[in-house]
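Examination of the molecular architecture
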Amino acid sequence: MSLKSEHRVNTSALQKIAADMSNLIDNLDTRELHFEGEEVEFDTSPGDPKAQEKYIPFSSIYNTQGFKEPNIQTYLSGCPIKAQVLEVERFTSTTRVPSINLYTIELTHGEFTWQVKRKFKHFQEFHRELLKYKAFIRIPIPTKRHTFRRQNVKEEPREMPSLPRSSENTIQEEQFFGRRKQLEDYLTKILKMPMYRNYHATTEFLDVSQLSFIHDLGPKGLEGMIMKRSGGHRIPGLNCCGQGRACYRWSKRWLIVKDSFLLYMKPDSGAIAFVLLVDKEFRIKVGRKETETKYGLRIDNLSRTLILKCNSYRHARWWGGAIEEFIQKHGSDFLKDHRFGSYAAVHENMLAKWYVNAKGYFEDIANAMEEAAEEIFITDWWLSPEIFLKRPVVEGNRWRLDCILKRKAQQGVRIFIMLYKEVELALGINSEYSKRTLMRLHPNIKVMRHPDHVSSSVYLWAHHEKLVIIDQSVAFVGGIDLAYGRWDDNEHRLTDVGSVKRVTSGLSMGSLAAATMESMESLSLKDNHRSHKNEPILKSVDDVDPKLKGVGKPRKFSKFSLYRQLHRRHLHNSDSVSSIDSASNTGSIRSVQTGVGELHGETRFWHGKDYCNFVFKDWVQLDKPFADFIDRYSTPRIPWHDIGSVLHGKAARDVARHFIQRWNFTKIMKPKYRSLSYPFLLPKSQSTAHELRYQVPGAVPAKVQLLRSAADWSAGIKHHEESIHSAYINVIENSKHYIYIENQFFISCADDKVVFNKVGDAIAQRILKAHREGQRYRVYIVIPRLPGFEGDISTGGGNALQAIMHFNYRTMCRGENSILGQLKPELGNQWINYISFCGLRTHAELEGNLVTELIYVHSKLLIADDNTVIIGSANINDRSMLGKRDSEMAVIVQDTETVPSIMDGKEYQAGCFAQGLRLQCFRLVLGYLSDPSEDLQDPVSDKFFKEIWVSTAARNATIYDKVFRCLPNDEVHNLMQLRDFISKPILAKDDPIRAEEELRKIRGFLVQFPFYFLSEENLLPSVGTKEAIVPMEVWT
């Protein structure tokens, strides 16, 4: 009771104070407000170091505050604001209106220039606000906020500048100049007094906010307070269920227009409440008819129709015209429909670099992350937090992904990660574990998963992009997820059973052990108390096929053992997984040159779940990252062949824009992400994209454009985009000499019933054209020998594996729609001179036995004519290509810098990027990386195509079949033949010495693709199986 009465007393007391104050202010005369104090002059000499403009960091977009909060940083420190009244336009012809003139005021602050339009009455209202504030600041109201404000107002102005008092109506035309000067002087004086300049009424009068002067957000556009209507989203489920006005909600917001987007903020909290990107559907309409609102303004883009309300029709027209003019001037690139229907423009002279396999890709990602200053964006189909980005592991956990992210988050970098939320019954990638693990690291790491299968009714499609973006300036794009099984190098090793032993020159063993320990960070791993009683054995490797290292006499390895050094110091529970997480006693040997010394033999590259063979067994128990799930002493791993790229500058901004669009869409879509802890992201301006703080070494300039597959469910856009599909077809149709394709799938050749993408048809038509014109033309296609699904191929494989095989064969060689089906009627057997289908395979020695395994081709690569390259995440199938299904990202790189070369026997100018990548791929798969003896310059000549490419693939395939009786195999046409085939003896087991001799003739990894495997069987899922219930689109 007493509390309540006390509360009443307080409110009534406050009301009295308020009443007294308003009386005081009403009776104030400006001449009474002459306090002692100084004006602040900024006009320092340009050479003065204090005069250097201080940038407001981009990261301040994540720390916006309520507009009335004291001490907000709005302006560049130590930088004056210059005001100039440019023109006066007569607002109305009548003289009855008190303010008949509209003044255009141009303001300059550092690199930013903008204009505001104000009437004299606005100046009067503004002046009154400042007078109230001045009086208010003198009254010691005992609230925390007010006390803070009083303490921060250090100076009280000597004299408040005065406004002219006479009404505008009495002024003659010739006196306008004087009036302009008076208003200019008034503003100039106010803006030199920090007490007034920082007051929220001043920032509102000048149309500025906390986001006005951030260098990376580009030029300052229009700003101001508006009323906005709720709803208008393109996506079902985001708007009110009812129709008509009763369902709308109007809210007061601060609108900010930037060069490529609009946003609005909540004035009370300063929170960014929505971001609308400028795109090719961006339109502005004014009027009641278009907006169903008096004085309405309508802004459309691919994602939303935003309705704003102004205070007059003239005001609405002015806003509409000014927004359109600003976007046309600064962001016209985003309004256009670009080549291939892409959301992104073509950019000249962009730095780009390619990667074959994940070793260099992961390493550059780690180095770029280390340089991140503001933001890291990551989106993957699958992400494993515990993978090592630099291998072999010689610096403890320093280069483990979760450790890098935690370290950067602690330094203040904001990290945003989007993961594909899988249908758990169908996939075991456990994105929930990844999200939980990453979110626990630091509050600066935010992770979203999408889609929600029930609410979005998307069950069949996936987010398939693999992107890492650093500070919106460096972007990694390709087919490589930051996940288990992906890391590989040019060796494509099958075995990995050892622990790290290092031999150094010039360093004593003790000092090295100490140095090693110092470099380890503490993210402790438990359960590493393993007994290592027997010392590991190492075998002699003199004069042995490099793939068969480990065959020969065993000898003791007496050199420095990192594990032994740790054990001596009782550090076996430390976190160097590389040295501990191995119970191995024997294994095959490698010798790897690293920056820290030479790592000898038994080096572990793949820890725990990273050592995998997904055809043998799919991943399980992903929450135990360092526990093996297959026996690495009996089962070889499946090597992973993949392609990635990195882009800089404007191209990286475009990749970031796609990520931002998806992030902001997901934030609106899923209620749990609407909280302020998941901020809206803002795209940086293209005008600052050339200012690269960090550059990946080895990149070359080229013409670059981003491509994507995106739709309503994946990116919240009303028209789907399939620019990757369009680019593939365009590049194939316009290629003059050859195309080289590496892809995880090869499902194409449209019948417009089951398969719709036309990549295969474009290839067939291009070959027919070459044949008709008597032109030499080659097509190289490299795909996995088997699809990447669990299943024992010796019994025919699982249903999923067979379904993919069916569609791959249907594209290549089976049925009239296939490529060979389209070629044979006109070419007969001559098709063999135009197109080659291959896979990759390798072999090794494991625990004394010869083993072989396919190399899993996961690349999504197209190279044409040594001058055009497409690298991305999109497979050649309908899921990736059609746009409405999986979301994908790719880049097309066209060379502008050339080197002299040979094509079809003639001199040719080949592109640096495209030819470099093609030669690396050729040397790798053909086995010429360390042996430059063979000339691979000309990819079209008969000598290369027939004598090197086709004959190497055929010879390797024959030897593997002879030694291992590999599957898939052309001898096996049906399941009965399959049973006979696997029951026959295998040379590798019966006569390993002869087998070894045969294997020495193998060159590279290339093997011919078997066309007739199970050709007499129907490989589609049979009725009654769970795979048969799934719609056909899942496989295509």
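No experiment lies behind these values; they were computed from the predicted model shown. (Residues numbered from 1 in each chain as written. Predicted model: local features only at pLDDT ≥ 70, side-chain atom pairs only at ≥ 80, totals over all residues. Heavy atoms only, no water.)

**Some details on the overall build of the chain**
The secondary structure content of the chain amounts to 29 helices and 36 strands. For the chain, contacts bridging at least 24 residues in sequence account for 74% of all contacts bridging at least 6. Summed over all atoms, the accessible surface of the chain reaches about 43000 Å², with 50% contributed by carbon and sulfur. (Helix = DSSP H or I, 4+ residues; strand = E, 2+ residues; numbered from the N terminus. Contact = heavy atoms within 4.5 Å. Areas by Shrake-Rupley, 256 points an atom, 1.4 Å probe, with all protein chains shown as cover.)

**A word on helix H12 (residues 431–439)**
Considered for burial, the residues of H12 that qualify are Ser 431, Tyr 433, Ser 434, Lys 435, Thr 437 and Leu 438. Those residues of H12 that are buried lie in contact with helix H11 (401–410), strand S13 (414–420) and strand S14 (445–450). (Buried < 20%, exposed > 50% of the residue type's maximum accessible area, 1.4 Å probe, protein only.)

**Observations regarding the pattern of salt bridges**
In total, this model carries 39 salt bridges according to the counting rule given. Its salt-bridge partner being Lys 353, residue Asp 364 comes within 2.8 Å of it at the nearest N-O pair. Here the residue Asp 364 occupies a position in helix H10 (residues 358–371), and Lys 353 occupies one in strand S11 (residues 347–356), the gap between them amounting to 11 residues. Residue Asp 364 shares its accessibility class with Lys 353, and that shared class is buried. A salt bridge links Arg 632 to Asp 628; the shortest N-O distance between them is 2.8 Å. The exposure class of Arg 632 is buried, given its relative accessible area of 0%. (Salt bridge = Lys/Arg side-chain N within 4 Å of Asp/Glu carboxyl O.)

**Here we look at the environment of Ser 685**
Inspection of the secondary structure puts Ser 685 in the loop between helix H17 (649–669) and strand S24 (700–710). When the C-alpha positions of Ser 685 and Phe 261 are compared, they lie 9.5 Å apart, and in sequence the two are 424 residues distant. Within the local environment of Ser 685, its side chain forms a polar contact with the side chain of Asp 259, the two groups lying 2.5 Å apart. (Polar contact = N/O pair within 3.5 Å; in protein donor to acceptor, adjacent residues only side chain to side chain.)

**With respect to the side chain of His 492**
Along the chain, His 492 turns up in the loop between strand S16 (474–478) and strand S17 (502–503). If we skip the residues at most four places from it in the chain, His 492 touches Asn 357, Pro 639, Trp 640, His 641, Thr 842, Ile 855, Leu 924 and Phe 1005.

**A short note on the pairing of strand S12 (residues 375–380)**
A large share of S12 lies buried, amounting to 6 of its 6 residues. In S12, alternate side chains face the same way, and those of Glu 375, Phe 377 and Thr 379 on one face and Ile 376, Ile 378 and Asp 380 on the other are all buried. The sheet contact formed by S12 and S13 spans 6 bridges and is parallel. Looking at the pairing, Ile 378 lines up with Ile 417 of S13. At this point the chain moves from S12, through H11, to the parallel S13, and the crossover so formed is right-handed. (Pairing = 2+ DSSP bridges. Right-handed = clockwise from strand over helix to strand, strands pointing away.)

**Points about the environment of Leu 786**
In this fold, Leu 786 is placed in the loop between strand S27 (778–782) and helix H21 (799–812). Measuring from C-alpha to C-alpha, the distance between Leu 786 and Gly 839 comes to 8.8 Å, with 53 residues separating the pair along the chain. Setting aside residues no more than four positions away along its own chain, Leu 786 makes contact with Ile 793, Leu 801, Met 805, Leu 854, Tyr 856 and Pro 968.

**Quick notes on the nonpolar core**
Counting residues in each nonpolar core, the largest one holds 143 residues, and the members touching the most others are Leu 211, Phe 282, Ile 323, Leu 706, Tyr 740, Leu 926 and Trp 949. Counting residues in hydrophobic clusters, the runner-up holds 113 residues, among them Ile 630, Val 759, Ile 767 and Leu 827. (Core = buried A, V, L, I, M, F, W, Y, C linked by side-chain atoms within 4.5 Å.)

**Structural notes on unusual backbone geometry**
Cis geometry is adopted by the peptide bond preceding Pro 392, which originates at Arg 391 and carries an omega value of 0 degrees. Inspection of the secondary structure puts Pro 392 in the loop between S12 and H11. Cis rather than trans, the peptide bond between Leu 967 and Pro 968 has omega equal to -5 degrees. With respect to the secondary-structure elements, Pro 968 resides in the loop between helix H25 (942–964) and helix H26 (975–983).

**Side note on the packing of aromatic side chains**
Counted according to the given criterion, the structure contains 47 aromatic pairs. Measuring from centroid to centroid gives 5.7 Å for Phe 67 and Trp 254, while their planes differ by 75 degrees, and the two rings are edge-to-face. Taken as a pair, Phe 67 in the loop between helix H1 (2–26) and strand S1 (81–90) and Trp 254 in strand S5 (residues 250–257) lie far apart in primary sequence, 187 residues in all. In terms of burial, Phe 67 and Trp 254 fall into one category: buried. An angle of 55 degrees between the planes, with centres 5.3 Å apart, marks the rings of Trp 114 and Phe 213 as tilted. Of this pair, Trp 114 sits in strand S3 (residues 112–119) while Phe 213 sits in the loop between helix H6 (200–205) and strand S4 (223–229), and the two are 99 residues apart along the sequence. Feature note: the residues Tyr 62, Phe 377, Phe 416, Phe 659, Trp 663, Tyr 673 and Tyr 678 constitute an aromatic cluster, connected by ring pairs. (Phe/Tyr/Trp six-rings, centres within 6.5 Å; stacked < 30°, edge-to-face > 60°.)

**What about the sheet that holds strand S10 (residues 305–309)?**
As summarised here, the arrangement of the 7 strands in space is S7-S6-S5-S4-S10-S9-S8, forming an open sheet in which the pairing is antiparallel. Each edge of the open sheet carries a strand with a single partner, namely strand S7 (272–277) and strand S8 (283–286). Mean inter-strand twist for the sheet, computed between neighbouring axes without regard to direction, equals 35 degrees. Looking at chain direction, S5 and strand S6 (residues 261–265) are connected through 4 bridges and run antiparallel. (Axes fitted to C-alpha atoms, helices over the stretch in contact; angles between N-to-C directions.)

**So, the side chain of Glu 223**
Structurally, Glu 223 is set in strand S4. Reaching out from Glu 223, the side chain makes a polar contact with the side chain of Lys 220 at a distance of 3.2 Å. In this structure the side chain of Glu 223 is engaged in a polar contact, spanning 2.9 Å, whose partner is the side chain of Trp 254. Every residue in contact with Glu 223, bar those within four places of it in the chain, is listed here: Asp 207, Val 208, Ser 209, Ser 212, Trp 254, Leu 255, Ile 256 and Trp 319.

**Side note on the packing of H10 against H11**
One way to put it is that H10 packs onto H11 with a least axis distance of 9 Å and a crossing angle of 15 degrees. By the angle between their axes, H10 is roughly parallel relative to H11. Between H10 and H11 lies a crossing of left-handed hand. Of H11, the residues touching H10 (which contributes Ala 366, Met 369, Glu 370 and Glu 371) are Leu 401, Ile 404, Leu 405, Arg 407 and Lys 408. Residues belonging to the contact of H10 with H11 are distributed by class as follows: 5 nonpolar, no polar and 4 charged. (Parallel < 35°, antiparallel > 145°, perpendicular 65-115°, else oblique. Left-handed = near helix turned anticlockwise from the far one by under 90°. Nonpolar A, V, L, I, M, F, W, Y, C, P; charged D, E, K, R; others polar.)

**Quick notes on the packing of H25 against helix H28 (residues 992–999)**
Running from N to C, H25 and H28 cross one another at 170 degrees; their axes reach a closest spacing of 10 Å. Comparing their axes, H28 and H25 come out roughly antiparallel. Judged by residue contacts, Ile 959, Tyr 960, Lys 962, Val 963 and Phe 964 of H25 engage Arg 994, Ala 995, Glu 998 and Leu 999 from H28. Classifying every residue of the contact of H25 with H28 gives 6 nonpolar, no polar and 3 charged.

**Re H21**
The end-to-end C-alpha distance of H21, which contains 14 residues, comes to 20 Å, matching closely the 20 Å that a straight helix rising 1.5 Å per residue would cover. Among the 14 residues that make up H21, 12 are buried, leaving the element largely enclosed by the rest of the structure. The set of residues buried in H21 consists of Ala 800, Leu 801, Gln 802, Ala 803, Ile 804, Met 805, Phe 807, Asn 808, Tyr 809, Arg 810, Thr 811 and Met 812. Of the surrounding elements, those touching the buried residues of H21 are helix H22 (819–827), strand S28 (835–846) and helix H29 (1026–1029). (Expected span 1.5 Å × (residues − 1).)

**Notes on the pairing of strand S23 (residues 643–648)**
Counting buried residues in S23 gives 6 out of 6 residues, a clear majority hidden from the surface. Taking every second residue as pointing to the same face, both faces of S23 are buried, with Ile 643, Ser 645 and Leu 647 on one and Gly 644, Val 646 and His 648 on the other. Inspection of the sheet shows S16 paired to S23 by 5 bridges, in the antiparallel sense. Paired with Val 474 across the strands is His 648, a residue of S23.

**Details of the confidence of the model for the chain**
A residue-level look at the chain finds 79% of positions with pLDDT of 70 or above and a mean pLDDT of 82. Across residues 500–544 the pLDDT falls below 50, and counting only partners more than four positions away or on other chains, this stretch makes 111 contacts in the model. Per-residue pLDDT stays below 50 along residues 549–602; that stretch engages in 171 contacts with residues further than four places along the chain or on separate chains. (pLDDT = per-residue confidence, 0-100.)

**Digging into the environment of Arg 407**
Mapped onto the secondary structure, Arg 407 falls in helix H11. Judged by its relative accessible area of 11%, Arg 407 falls in the buried class. For Arg 407 and Glu 370, which are 37 residues apart along the polypeptide, the C-alpha to C-alpha distance reads 8.8 Å. In terms of polar contacts, Arg 407 uses its side chain to reach the side chain of Glu 370, at 2.8 Å.

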